[in-house]
Amino acid sequence: MCKIVFHKDYLLYNFGENHPFSPLRSLLVYEFVKEVIGENYLIFPEAPVNSEELEIIHTKEYISIVEKASNGIEIENAEFFGLGTADNPIFPKMAEGCRFMVAGTSLGAELIYENRCNIVINLGGGLHHAQKNNASGFCLYNDIAYAIKRLTLKGLHVLYLDIDAHHSDGVQNIFYSDDKVLNISLHESGEYLFPGTGWTYELGRSMGKATTINIPLEPFTEGENYLKVLEEIFIPAIKWFKPDLIVLQAGADSHYLDPLADLMLTTRDYEEIFKKILKWSKEYSNGKMLITLGGGYNHIVSAKIWSIMCSIFTGKQYPEKLPDRVLKKWEKILGKKINPEIHDPENPFEPIPRKEEINRTNLDRVEKILDLVSPYWW
Ligand SMILES: [Zn+2]
């Protein structure tokens, strides 16, 4: 049983027209789900989480600053908390919109914990950069850490996989010493991309040693190599950790057309990744998965990737072309013409000149990480 979570108040999390992070992406996928997957898959959180509940992740001080700023109260040292910057501008109702998305991810965790669903997809959230005491990288409250924490407090072990192009520094820092969370992030190397962390030697601390895994990928990494890297790390990791569920942050900014990152995945690569993770979750665990959105700054491509994702996890075949009604809605929402083909064209970019070297560097890194964790894992 799969459910897909959405709430119209996710749209309150809107940094403005010129900001890359757009809540319209959630709305586009919601429209696709309604028309193609079926309204019976949809579920809506009744209320946002309240600010006190967030204290299992964020400091009281930070929450109070975010809530005040969101209510239009001027904050003198806002930048200390990562607010009022180009990445995280202050805008009315930002806290409420964000708390609704936290509620969505949390609802998914609850449905899975209560065995009412095997798979839940939240059409929002994935705010993996938010830290205990500050906003970062378009992320105010960390919905993923909140949902994971609620599950580990109930005794569950969680494998967190992050395929966003950026390193999941917020989630990593929050669970760095926690042996109940195995945190795997594949991302474009911090040498080239925000937030500049996520190195192979960041492996966790004390009780959490060897429960943080970072695979920094070379710019221009292509899908085939990405999948190989994922498989080589994911299978030994899940076999060792035996999680109660997988939490997936499904950032779409690893796509080759993303304007903020330089990885080269296509829509077909994403489809393959989703199929593989679904297969492995059944083969090596119990098939339970909680999924969020994430980065993705080519809005049309991101919506297509997540529409494919909803199709894979619900088992409903997607159409090769967006049906007319979906296309019209998407064009109205974005105010422009959209190519109805759901997939990228075959061979959509020129051959990458350093391909062999890129592939070898990435695979060497996986080998190095497996060497580093082997004393702990086996
Ligand atoms: Zn990202």
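Residues numbered from 1 in each chain as written. Predicted model: local features only at pLDDT ≥ 70, side-chain atom pairs only at ≥ 80, totals over all residues. Heavy atoms only, no water.

- As recorded by an unreviewed UniProt entry, the chain carries the name Acetoin utilization protein AcuC and is attributed to Thermotomaculum hydrothermale.
- Here the chain is described in UniProt, under the heading Sequence similarities (unreviewed entry), as follows: "Belongs to the histone deacetylase family."
- In its Pathway (unreviewed entry) section, the UniProt entry covering the chain states "Ketone degradation; acetoin degradation." (UniProt positions renumbered as here; feature names shortened; annotations may be inferred.)

**Observations regarding helix 3 (residues 94-113)**
Then comes step 1: Over its 20 residues, helix 3 runs 29 Å from end to end, which matches the ideal 28 Å to within 8%, given 1.5 Å per residue.
Then comes step 2: By the criterion of burial, helix 3 is predominantly enclosed, with 17 of the 20 residues buried.
Then comes step 3: Asn 115 occupies a position one or two residues after helix 3 and carries a positive phi of about 60°. (Helix = DSSP H or I, 4+ residues; strand = E, 2+ residues; numbered from the N terminus. Expected span 1.5 Å × (residues − 1). Buried < 20%, exposed > 50% of the residue type's maximum accessible area, 1.4 Å probe, protein only.)

**Details of the packing of aromatic side chains**
Then comes step 1: On inspection of all chains with the given rule, the structure shows 20 aromatic pairs.
Then comes step 2: Seen from their ring centres, Tyr 62 and Phe 81 are 6.4 Å apart, and the 25° between their planes marks the pair as stacked. Here the residue Tyr 62 occupies a position in helix 2 (residues 60-70), and Phe 81 occupies one in the loop between helix 2 and helix 3, the gap between them amounting to 19 residues.
Then comes step 3: On the accessibility criterion, Tyr 62 (0% relative accessible area) is buried.
Then comes step 4: When its relative accessible area of 1% is taken as the criterion, Phe 81 is described as buried.
Then comes step 5: Both rings, one in Phe 138 and one in Tyr 297, keep their centres 5.7 Å apart while their planes meet at 80°; by these two values the pair is edge-to-face. A residue pair is termed long-range when its members are at least 10 positions apart, and Phe 138 in the loop between strand 3 (119-122) and helix 4 (143-153) and Tyr 297 in the loop between strand 8 (289-292) and helix 8 (299-314) qualify at 159 residues. Here the two residues Phe 138 and Tyr 297 agree in accessibility, since each one is buried.
Then comes step 6: Within the aromatic cluster, the residues linked to one another by ring pairs are Tyr 13, Phe 15, Phe 21, Phe 91, Phe 138 and Tyr 297. (Phe/Tyr/Trp six-rings, centres within 6.5 Å; stacked < 30°, edge-to-face > 60°.)

**Examining the coordination of the zinc ion**
Then comes step 1: Around the zinc ion, the donor atoms from the protein are Asp 164 (OD), His 166 (ND1) and Asp 253 (OD), and they sit 1.9 to 2.1 Å away.
Then comes step 2: Ordering the donors of the zinc ion by residue number gives the pattern D-x1-H-x86-D. Accessibility assignment for this pair places Asp 164 and His 166 in one class, buried. (Donors = N, O, S within 2.8 Å, 3.2 Å for Na, K, Ca; no water.)

**Brief notes about the sheet that holds strand 7 (residues 245-249)**
The strands making up a sheet associate through hydrogen bonds between their backbones, and the pairing can be parallel or antiparallel.
Then comes step 1: The strand order across the open sheet formed by eight strands is 2-1-3-8-7-4-5-6, and the pairing between neighbours is parallel. Both edges of this open sheet fall to strand 2 (42-43) and strand 6 (212-217), since each of them pairs with a single strand only.
Then comes step 2: Both strand 4 (residues 158-162) and strand 5 (residues 181-188) contribute to a ladder of five bridges, which runs parallel. Paired with Tyr 160 across the strands is Asn 183, a residue of strand 5.
Then comes step 3: Helix 4 rests against strand 4, strand 5, strand 7 and strand 8 of the sheet, and its axis sits at about 165° to strand 4.
Then comes step 4: Contacts from helix 10 (residues 355-377) reach strand 5 and strand 6, with the element oriented near 170° to strand 6. (Pairing = 2+ DSSP bridges. Contact = heavy atoms within 4.5 Å. Axes fitted to C-alpha atoms, helices over the stretch in contact; angles between N-to-C directions.)

**A few points about the layout of surface pockets**
In this approach a probe as big as a water molecule rolls over the atoms, and the regions it shows empty are the leftover space.
Then comes step 1: Its volume calculated, the largest pocket comes out at about 320 Å³.
Then comes step 2: Thr 266, Asp 269, Asn 347, Pro 348 and Phe 349 are the residues nearest the centre of the largest pocket, which is lined by 15 residues in total.
Then comes step 3: For the lining of the largest pocket, the secondary structure elements donating two or more residues are helix 6 (223-241) and helix 7 (267-284).
Then comes step 4: Of all the elements, helix 7 adds the most residues to the lining of the largest pocket, at three residues.
Then comes step 5: Looking at side-chain class alone, the lining of the largest pocket contains four nonpolar, four polar and seven charged residues.
Then comes step 6: One number sums up the size of the second largest pocket: a volume of about 270 Å³.
Then comes step 7: For the lining of the second largest pocket, the per-class residue count stands at four nonpolar, six polar and two charged. (1 Å grid on protein atoms, 1.4 Å probe; cavity = no way out; pocket = protein on both sides within 12 Å on 5 of 7 lines; lining within 4 Å. Points joined across faces, edges and corners; volume = space filled by probe spheres on them. Nonpolar A, V, L, I, M, F, W, Y, C, P; charged D, E, K, R; others polar.)

**Quick word on the pairing of strand 3**
Then comes step 1: Neither face of strand 3 is left uncovered, since the one carrying Ile 119 and Ile 121 and the one carrying Val 120 and Asn 122 both have all their residues buried.
Then comes step 2: Bridge count between strand 3 and strand 8: four bridges; the pairing is parallel. When the bridges of strand 8 are listed, Asn 122 appears paired with Thr 292.

**Examining the state of the cysteines**
Among covalent bonds in proteins, the disulfide is the one between the sulfur atoms of two cysteines.
Then comes step 1: Summed over the entire model, instances satisfying the criterion amount to zero disulfides.
Then comes step 2: Free of any disulfide, Cys 117 has its nearest cysteine sulfur in Cys 2, 7.3 Å distant.
Then comes step 3: No disulfide involves Cys 310; its sulfur sits 7.5 Å from that of Cys 2, the nearest cysteine. (Disulfide = S-S within 2.5 Å.)

**Notes on the environment of Asn 298**
Then comes step 1: Turning to its location among the elements, Asn 298 is positioned in the loop between strand 8 and helix 8.
Then comes step 2: Residue Asn 298 is classed as partly exposed on the basis of its relative accessible area of 22%.
Then comes step 3: For Asn 298, the contacting residues outside a window of four places in its chain are Leu 257, Asp 258 and Pro 259.

**A short note on the UniProt feature "domain: Histone deacetylase" (unreviewed entry) in the chain**
Then comes step 1: Listed under "domain: Histone deacetylase" (unreviewed entry) in the UniProt record, and renumbered for this structure, are residues 19-310.
Then comes step 2: Note that residues 19-310 is 38% helix and 12% strand, and that its end C-alpha atoms are spaced 26 Å apart.

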